[in-house]
Amino acid sequence: LLPPDTPSQRVQFILGTEEDEQHVPHDLFTELDEICVKEGEDAGWKETARWLKFEEDVEDGGERWSKPYVATLSLHSLSELRSCIINGTVLLDVCANSMEEIADMILGQQEQSTEFDERMRAKVRQVLLKQHHHQNEKKRNNLLPIVCSCADVSEKQSDPHVLDKPAQTLTPHPSPTTAEAKNGVNHEASAMDFSKAELHFMKKIPTGAEASNVLVGELDFLRQPIVAFVRLTPAVLLSGMTEVPIPTRFLFVLLGPEGKAHQYHEIGRSMATIMTDEVFRDVAYKAKNRADLVAGIEEFLDQVTVLPPGEWDPSIRIEPPKSGGLVLDVKRKAPWFWSDFRDGLSLQCLASFLFLYCACMSPVITFGGLLGEATNGHISAMESLLGASMTGVVYSLFAGQPLTILGSTGPVLVFEKILYKFCKEYTLSYLSLRACIGLWTAFFCIVLVATDASCLVCYITRFTEEAFASLICIIFIYEALEKLSHLRETYPVHMHSKLDFLTIY
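Residues numbered from 1 in each chain as written. Predicted model: local features only at pLDDT ≥ 70, side-chain atom pairs only at ≥ 80, totals over all residues. Heavy atoms only, no water.

Engineer: Can you break down the overall build of the protein chain residue by residue, with the values?
Structural biologist: Looking only at helices and strands, one finds 18 helices and eight strands in the protein chain. When contacts within the protein chain are restricted to residue pairs at least 6 apart in sequence, those whose partners lie at least 24 apart make up 71%. (Helix = DSSP H or I, 4+ residues; strand = E, 2+ residues; numbered from the N terminus. Contact = heavy atoms within 4.5 Å.)

Engineer: Go over the packing of aromatic side chains with me, naming the residues and quoting the values.
Structural biologist: For the structure on display, the rule yields eight aromatic pairs. Note on Phe337 and Trp338: the rings are 5.4 Å apart at their centroids and 85° apart in plane angle, and the pair reads as edge-to-face. A network of ring pairs unites the aromatic residues Phe229, Phe250 and Tyr285 as a single cluster. Lying across the ring of Trp65, Arg50 places its NZ or CZ 4.1 Å from the centre. When the ring centre of Phe221 is taken as origin, the NZ or CZ atom of Lys123, which lies over that ring, is 5.2 Å away. (Phe/Tyr/Trp six-rings, centres within 6.5 Å; stacked < 30°, edge-to-face > 60°. Lys NZ or Arg CZ within 6 Å of the ring centre and 35° of its normal.)

Engineer: Explain the pairing of strand β7 (residues 226-236) residue by residue, including any values.
Structural biologist: In terms of burial, β7 is a largely internal element, 11 of the 11 residues being buried. With four bridges joining them, strand β4 (residues 89-94) and β7 adopt parallel strand pairing. Note that in β7 the partner of Thr89 across the bridge is Ala228. Bridge count for β7 against strand β8 (residues 248-257) is seven bridges, and the pairing is antiparallel. Within the sheet, the bridge partner assigned to Val236 lies in β8 and is Thr248. (Buried < 20%, exposed > 50% of the residue type's maximum accessible area, 1.4 Å probe, protein only. Pairing = 2+ DSSP bridges.)

Engineer: Before we move on, can you summarise a nonpolar patch on the surface with the specific residues and values?
Structural biologist: A cluster of nonpolar residues, Trp338, Phe341, Val393, Val394, Leu397 and Phe398, forms a patch on the protein surface that exposes about 670 Å² of accessible area. Top element by residues in the nonpolar patch is helix α15 (residues 381-398). It accounts for four residues. Position of Leu397 among the secondary structure elements: in helix α15. You can call Leu397 partly exposed: its relative accessible area is 35%. (Patch = residues over 30% accessible without salt bridge, like charges linked within 9 Å, V, L, I, M, F, W, Y side chains within 5 Å. Areas by Shrake-Rupley, 256 points an atom, 1.4 Å probe, with all protein chains shown as cover. Salt bridge = Lys/Arg side-chain N within 4 Å of Asp/Glu carboxyl O.)

Engineer: A description of unusual backbone geometry should follow, citing residues and the corresponding values.
Structural biologist: Here the amide bond leading from Thr233 into Pro234 is cis, since omega sits at 0°, within 30 degrees of zero. Note that Pro234 resides in strand β7. Positive phi, close to 55°, is recorded for Asp93, a residue that is not glycine. Checked against the element boundaries, Asp93 lands in strand β4.

Engineer: Which residues make up the packing of helix α3 (residues 99-108) against helix α4 (residues 118-128), and what are the values?
Structural biologist: Axis separation between α3 and α4 bottoms out at 10 Å; the angle between their running directions is 145°. Judged by the sense of rotation from one axis to the other, the crossing of α3 with α4 is right-handed. For the pair α3 and α4, contact is made by Met99, Glu100, Ala103, Asp104, Leu107 and Gly108 and by Arg121, Val124, Arg125 and Leu128, respectively. In the contact of α3 with α4, the residues fall into five nonpolar, one polar and four charged. (Axes fitted to C-alpha atoms, helices over the stretch in contact; angles between N-to-C directions. Left-handed = near helix turned anticlockwise from the far one by under 90°. Nonpolar A, V, L, I, M, F, W, Y, C, P; charged D, E, K, R; others polar.)

Engineer: Provide a residue-level description of the confidence of the model for the protein chain, including the pertinent values.
Structural biologist: On average, the protein chain scores 80 in pLDDT, and the residues at 70 or more come to 82%. Taken as a whole, residues 142-197 scores under 50 in pLDDT and shows 38 contacts with residues more than four places along the chain or in a different chain. (pLDDT = per-residue confidence, 0-100.)

Engineer: Explain the pattern of salt bridges to me, and be specific about the residues and the numbers.
Structural biologist: Overall, the coordinates contain 16 salt bridges when judged by the stated rule. Taken together, the shared-partner salt bridges connect Asp27, Arg281 and Asp282 into one network.

Engineer: Summarise the environment of Leu92; cite the residues concerned and give the values.
Structural biologist: For Leu92, the location among the structural elements is in strand β4. Here the alpha-carbon distance between Leu92 and Phe250, two residues 158 residues apart in the chain, equals 9.4 Å. Among residues more than four places away in sequence, those in contact with Leu92 are Phe229, Arg231, Ala287, Lys288, Asn289 and Leu293.

Engineer: Quick one: what's the story with the environment of Asp220, residue by residue and with numbers?
Structural biologist: By the element assignment, Asp220 lies in the loop between β6 (210-219) and β7. With 36 residues separating them along the chain, Asp220 and Gly256 place their C-alpha atoms 8.3 Å apart.

Engineer: Quick one: what's the story with the packing of helix α1 (residues 7-15) against helix α11 (residues 290-302), residue by residue and with numbers?
Structural biologist: For the pair α1 and α11, interaxial distance at closest approach is 8 Å and the crossing angle is 120°. For the pair α1 and α11, the crossing hand works out as left-handed. On the side of α1, the interface is formed by Pro7, Ser8, Arg10, Val11 and Ile14, while α11 contributes Ala291, Asp292, Ala295, Gly296, Glu298 and Glu299.

Engineer: Can you break down the pairing of β6 residue by residue, with the values?
Structural biologist: Along β6, 10 of the 10 residues are buried, which leaves the element largely enclosed by surrounding structure. Side chains Glu210, Ser212, Val214, Val216 and Glu218 of β6 all project onto a buried face; the interleaved residues Ala211, Asn213, Leu215, Gly217 and Leu219 project onto the opposite face, where all are buried too. Both strand β1 (residues 28-37) and β6 contribute to a ladder of 10 bridges, which runs parallel. Of the residues in β6, the one forming a bridge with Asp33 is Leu215.

Engineer: Explain the side chain of Thr30 to me, using residue names and the numbers behind them.
Structural biologist: Structurally, the position occupied by Thr30 is in strand β1. Taking relative accessible area as the criterion, Thr30 reaches 0% and is therefore assigned buried. Apart from the residues within four sequence positions on either side, Thr30 is in contact with Ala49, Arg50, Trp51, Ser212, Val214, Ala272 and Met275.

Engineer: With reference to specific residues and values, describe the side chain of Glu299.
Structural biologist: With respect to the helices and strands, Glu299 occurs in helix α11. In this structure, Glu299 is buried with no salt-bridge partner, the nearest side chain bearing the opposite charge being Arg10 at 11 Å. With residues up to four places along the chain from it excluded, the contact list for Glu299 reads Pro7, Ser8 and Val11. (Lys, Arg positive; Asp, Glu negative; His and termini not counted.)

Engineer: Lay out helix α16 (residues 410-425) in plain terms, naming residues and giving numbers.
Structural biologist: In this model, α16 (16 residues) spans 23 Å end to end at C-alpha, consistent with the 22 Å of a helix rising 1.5 Å per residue. For α16, the full list of buried residues reads Gly410, Leu413, Val414, Glu416, Leu419, Tyr420 and Cys423. Among the residues trailing α16, Thr427 stands out with phi positive, at a value near 50°. (Expected span 1.5 Å × (residues − 1).)

So, in structure tokens, the structure goes:
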């Protein structure tokens, strides 16, 4: 086969190659860590941004994450990134078990010179092995001593002779065994990382995802930049490297002389952003050499839209596109419509069928009986069961949201009771008015769905929910007290009863 002529053809050729087990693309979580080493200062790696699909930055002050937004990059930083890949070190399919081995491999590729001697090499290695400080650690500093003390107590209880042993020196990040590292498993590190991980954020990370770490910074003792792109095969869980305990597949390092911190930061953002691009991500997994990576960057540049200076403020953050609207919902659901039904025809789903049947049937019958009492039999259990069955079938066919409660609920019961009293007082036909209300409700629901007005739900606060719930509770309490007063009139209490005649009352 002739080699591809253009970057686009080369990318198509790369993506068309057969996949082996070690080069199957996974979802990527990308983290950007930065460092600034100046004379007399002891610095460490500090997390400044992260990417799942969109970018999140540590806000000014370092106390919280920003909202996810679409990353905007400068064309200059992308071209600088391309130059870094062309002129820097590229290590593909590296088998390493720790950050120490990776650092030695990167530094081993650097040419020996008067500006980069063994002393300089040792300093850079020390910087690469410095501790990484993540944003979520601040919230858990008070929790970790408790966790560690509990672990020490359990260890002492499991080993009764531990007090008789001499003191031992503990290493903060023990190296995993070769077998464990090949599988990306480090049990001790995993336990520590899970104790630090943000459980809420972990839920957003897809199963089987791998990490891409971007390390950039300025070192005052460097005279020339050090650039390296590393692909680990297999992915390895590097303890303390990433804020979430997932194995690292890619590592991009850019260290340079001081005075260009902003430039390094933008190149790091560019690297992290293109790693979230599906095409470049697949190219990075399947690349055979440096030229394949460069072709992936050039293909990314071909798809970039450039805004002229002065027409756009780069500090403005573009929010992620919101998928919505009736037409877009139908288009997004259509490819999996029939598979939802085919996948459900399995014995494993039988228990779910029975559970949903009971969960939907019980409130319909219960509130149907209460509706019969509230509306004097105009709407009772039979009507509720028929209505819930019809709407349930239609809703399941066209909605695709199985967690919605079908049938009557407490607020519906309160509304029906108030509406029946209103119709009774003004001699109106209850069923006719109820049908009119139902048609208007259906019309407004269709308009809200078609215009994607459900996005306004994000403005409903916890206060609004609890205020509405409190109103329903007050109404039910009032109804209960009202029934008690009616019972007192029907069955009056004997205030002057005598105990001798108690059995004949």
